[in-house]
Amino acid sequence: MRNYSLNEETLRFILEFEKNVPSGAVFTNADLVEKFKQSKFHHIEFESYIPTAINKAICYAINRSDNWDMKKRGTYQKREDSTPNKKLLFQR
């Protein structure tokens, strides 16, 4: 059985998800958690983690993608001038 990293999988989810999201779109953390749970990036082993683990991992992934702004606590808006994965391009 393969071990999955929750932080890695949520980042992969956000990077894939934001490709199909128009600039200016707004999502709550709860919306993103539900979409993540329905995605190919969610693995059953994540359900055994503490209840807030996925929420925190989504926040971390949003921050790392650098294409979202926090409108208010727990609500994110995709930037108008977002460049796909610009921060991650230089990390590899």
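In what follows, the accompanying structure is described. Note that the coordinates shown come from a computational prediction; the quantities given were computed from them, not determined experimentally. In this convention, every chain numbers its residues from 1, walking through the sequence in written order. Reporting in this predicted model follows two pLDDT cut-offs: at least 70 for local features of residues, and 80 or more for side-chain atom pairs to be given and counted; totals over whole chains, interfaces and linings ignore these cut-offs and use all residues. The side-chain figures draw on all heavy atoms in the structure; neither hydrogens nor water molecules are used.

**Comments concerning the pairing of strand β3 (residues 75-78)**
And then number 1: Strand pairing requires that DSSP identify at least two bridges connecting the strands. Secondary structure elements follow DSSP: runs of H or I no shorter than four residues count as helices, runs of E no shorter than two count as strands, and numbering proceeds from the N terminus. Pairing geometry for strand β1 (residues 26-28) and β3, over 3 bridges, is antiparallel. Following the sheet pairing, phenylalanine 27 is matched in β3 by tyrosine 76.
And then number 2: Pairing between strand β2 (residues 68-72) and β3: 4 bridges, direction antiparallel. Note on β3: the bridge partner recorded for lysine 72 is threonine 75.

**Quick word on the pattern of salt bridges**
And then number 1: Basic side-chain nitrogens of Lys or Arg form a salt bridge, by our definition, when they fall within 4 Å of a carboxyl oxygen of Asp or Glu. Counted by the stated rule, this structure contains 4 salt bridges.
And then number 2: Between lysine 19 and glutamate 16 there is a salt bridge whose closest N-O contact spans 3.5 Å.
And then number 3: Each residue gets one of three labels from its accessible area relative to the maximum for its type: buried under 20%, exposed over 50%, partly exposed in between, using a 1.4 Å probe on protein chains only. What makes glutamate 16 partly exposed here is its relative accessible area of 34%.
And then number 4: Aspartate 66 is the partner of arginine 79 in a salt bridge, and the nearest nitrogen-oxygen pair spans 3.3 Å. Here arginine 79 is found in the loop between β3 and α4 (86-89), whereas its partner aspartate 66 is found in the loop between α3 (53-65) and β2, with 13 residues between them in sequence.
And then number 5: The network of salt bridges with shared partners includes Asp66, Asp69 and Arg79.

**Some points on the packing of helix α1 (residues 6-17) against helix α2 (residues 29-37)**
And then number 1: Note on definitions: angles span 0 to 180 degrees between N-to-C directions of axes, and those axes are lines fitted to C-alpha atoms, for helices only across the stretch in contact. Two numbers describe how α1 lies on α2: the axes approach to 11 Å, and their chain directions differ by 100°. What the angle tells us is that α1 and α2 run roughly perpendicular. Contacts between α1 and α2 pair Leu6, Glu9, Thr10, Phe13 and Phe17 from the former with Leu32, Lys35 and Phe36 from the latter.
And then number 2: Residue type decides the class: Asp, Glu, Lys and Arg count as charged, Ala, Val, Leu, Ile, Met, Phe, Trp, Tyr, Cys and Pro as nonpolar, and the leftover types, Gly among them, as polar. Looking at the contact of α1 with α2 residue by residue, the class counts come to 5 nonpolar, 1 polar and 2 charged. In this scheme, roughly parallel covers angles under 35 degrees and roughly antiparallel covers those over 145, while 65 to 115 is roughly perpendicular and the rest are oblique. The contact rule is simple, with two residues in contact once any of their heavy atoms fall within 4.5 Å.

**Digging into the nonpolar core**
And then number 1: We call a set of buried Ala, Val, Leu, Ile, Met, Phe, Trp, Tyr and Cys residues a nonpolar core when their side-chain atoms join them within 4.5 Å. Phe36, Ile58 and Trp68 are the most contacted members of the largest nonpolar core, which totals 22 residues.
And then number 2: If you list the elements that add at least two residues to this core, you get α1, α2 and α3.
And then number 3: Not counting the four nearest positions on each side in its chain, phenylalanine 36 is found in contact with Leu6, Glu9, Thr10, Phe13, Phe41, His42, Phe46, Ile54 and Ile58.

**Focus on unusual backbone geometry**
And then number 1: Although it is not a glycine, aspartate 66 sits at a positive phi angle of roughly 60°.
And then number 2: Judged by its relative accessible area of 21%, aspartate 66 falls in the partly exposed class.

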